[in-house]
Amino acid sequence: DWHNLGYTMFDTKLLRHVCYYYEQWFCRYGRGHFTVTAAMKSWLTTKFLIGSSNGGDAGEVVILRDCPAEFFHRTTDVEREELLTRLDSEAVLPSKTVLQLRDTTSKTKSMLCISSTSYTPEEDFGILLSSLVKIDSKLSQTTSNVSFSNLIVIVTGKGPLKQYYADQISALRLSHVQIHQVWLSASDYPLLLGMADVGISLHTSTSGIDLPMKVLDMFGCEVPVISVFYDTIHELVVKDENGWVVKDIEELTHCLKNLLMVQKGGKCRDTVLESMRANIRKNILSKRWNENWNEAALPLIQSVCLKCTKH
């Protein structure tokens with residue numbers, strides 16, 4: 001079950017070479033292989049020479065795409081109120097922030113962005129911080145036709161660089177943007193995610209051919225995603241259909257600014273996001289894990305078992 005290439009996770013040149021040939025050698029003994037992307041299937045068949053097209057007992061390669069678990073869903077009004085009350089009483093979020101998150105109807109309601117991270121070098125969290133500084137300065141600019149909502153960014157997760165970024169965040173002086181680092185229980189995380197307007201993924205793959213599971217979690221909650229670009233992300237995040245793909249700080253800033261604009265006339269943020277949520281429901285959530293398993297995984301497993309019994 002290929003979710004990434006192990007050798008790409010090592011920095012030392014010698015270790016990378018050893019692990020490359022280790023994976024290449026032993027994967028040939030597999031009677032079947034699952035990959036999470038079409039790009040990974042193509043890479044394995046051309047580089048490691050596995051798959052039925054290479055003959056012998058190389059083993060069939062089947063694309064088995066990840067699906068969000070069913071406990072990821074859009075948070076109901078009752079669940080939202082219970083969660084916010086809990087986060088307020090446990091001081092996970094400031095009371096001022098909780099009060100703002102309770103406002104779901106006013107035209108200038110704050111926009112909630114969620115980013116989940118493991119605080120590793122694989123995710124350049126500095127891109128988001130730099131963008132938020134730019135956004136904060138832009139939010140003070142108003143005209144007779146355009147104003148901006150405030151932005152609440154909640155970052156969930158733990159990791160080796162968490163304190164490093166916490167120190168950077170505490171040094172910022174922002175007026176219209178809030179940034180909160182939290183650690184939530186396994187039951188509260190889907191509920192908070194289900195409240196979000198937009199998700200942000202800073203994941204960049206070590207191999208360039210896998211996909212971030214966090215984006216599937218966000219889609220499970222019908223949350224459109226802004227993702228940092230890398231070669232395979234288009235297999236999951238489709239521009240203007242279920243999210244946006246950005247290459248640098250300027251593009252991320254531009255994307256967030258457009259979402260934060262409250263315009264007189266034209267498409268408002270809620271209209272754009274609801275259209276994307278409809279696309280997510282139609283193109284991604286129409287098939288959950290059990291159905292996906294039966295269609296993609298089960299036939300390969302049955303085929304491998306049948307071949308084994310004949311031997």
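For the structure, see preceding data.
Structure report, in brief.

Conventions we followed
- Residues numbered from 1 in each chain as written.
- Predicted model: local features only at pLDDT ≥ 70, side-chain atom pairs only at ≥ 80, totals over all residues.
- Heavy atoms only, no water.
- Helix = DSSP H or I, 4+ residues; strand = E, 2+ residues; numbered from the N terminus.
- Expected span 1.5 Å × (residues − 1).
- Buried < 20%, exposed > 50% of the residue type's maximum accessible area, 1.4 Å probe, protein only.
- Arc of directions from axis to C-beta.
- Polar contact = N/O pair within 3.5 Å; in protein donor to acceptor, adjacent residues only side chain to side chain.
- Core = buried A, V, L, I, M, F, W, Y, C linked by side-chain atoms within 4.5 Å.
- Contact = heavy atoms within 4.5 Å.
- Pairing = 2+ DSSP bridges.
- Axes fitted to C-alpha atoms, helices over the stretch in contact; angles between N-to-C directions.
- Phe/Tyr/Trp six-rings, centres within 6.5 Å; stacked < 30°, edge-to-face > 60°.
- Salt bridge = Lys/Arg side-chain N within 4 Å of Asp/Glu carboxyl O.

Some details on helix 9 (residues 249-260)
Part 1 of the argument: The end-to-end C-alpha distance of helix 9 is 16 Å, a good match for the 16 Å that twelve residues give at a rise of 1.5 Å each.
Part 2 of the argument: Listed in full, the buried residues belonging to helix 9 are Leu-252, Thr-253, Cys-255, Leu-256, Leu-259 and Leu-260. Each buried residue of helix 9 sits inside an arc of 165° when the element is viewed along its axis, so together they form one side.
Part 3 of the argument: Of the residues flanking the start of helix 9, the one acting as N-cap is Asp-248, its side-chain oxygen 3.2 Å from the backbone nitrogen of Glu-250.

A short note on the nonpolar core
Part 1 of the argument: Leu-112, Ile-154, Leu-192 and Phe-219 are the most contacted members of the largest nonpolar core, which has 34 residues in total.
Part 2 of the argument: Apart from residues no more than four positions distant in its own chain, Leu-112 is found in contact with Leu-101, Ile-152, Ile-154, Met-195, Ala-196, Asp-197 and Val-198.
Part 3 of the argument: With 33 residues, the next largest nonpolar core counts Leu-151, Ile-200, Trp-244 and Leu-252 among its residues.

Comments concerning the sheet that holds strand 6 (residues 177-182)
Part 1 of the argument: The six strands are arranged 6-5-3-7-8-9 in an open sheet whose pairing can be described as parallel. Looking at strand neighbours, the two that pair on one side only are strand 6 and strand 9 (243-246), the edges of this open sheet. Shown here is a sheet whose adjacent strand axes are inclined to one another by a mean of 20°, direction ignored.
Part 2 of the argument: As judged from the four bridges shared by strand 8 (residues 225-228) and strand 9, these two strands associate in the parallel manner. What sits directly across from Ser-227, in strand 9, is Val-245.
Part 3 of the argument: Against the sheet, helix 9 contacts strand 3 (111-116), strand 5 (151-156), strand 7 (198-201), strand 8 and strand 9, and its axis sits at roughly 150° relative to strand 9.

A few points about the packing of aromatic side chains
Part 1 of the argument: Tallying each qualifying case throughout the model produces 18 aromatic pairs.
Part 2 of the argument: Between Trp-289 and Trp-293 the ring centres are 6.1 Å apart and the planes differ by 50°, which places this aromatic pair in the tilted class. In this pair, Trp-289 and Trp-293 are both assigned in helix 11 (residues 289-310), four residues apart and thus about one turn of the helix distant.
Part 3 of the argument: Judged by its relative accessible area of 34%, Trp-289 is partly exposed.

As for the pattern of salt bridges
Part 1 of the argument: Evaluated as defined, the whole model comprises ten salt bridges.
Part 2 of the argument: Across the pair Arg-281 and Glu-222 runs a salt bridge, and its minimum N-O distance is 2.7 Å. Of the two residues, Arg-281 sits in helix 10 (residues 269-283) while Glu-222 sits in the loop between helix 8 (213-220) and strand 8, which places them 59 residues apart along the sequence.
Part 3 of the argument: The salt bridge partner of Lys-287 is Glu-295, with a shortest N-O separation of 2.8 Å.
Part 4 of the argument: The exposure class assigned to Lys-287 is partly exposed, which follows from its relative accessible area of 28%.
Part 5 of the argument: Through salt bridges that share partners, Glu-222, Glu-274, Arg-277 and Arg-281 make up one connected network.

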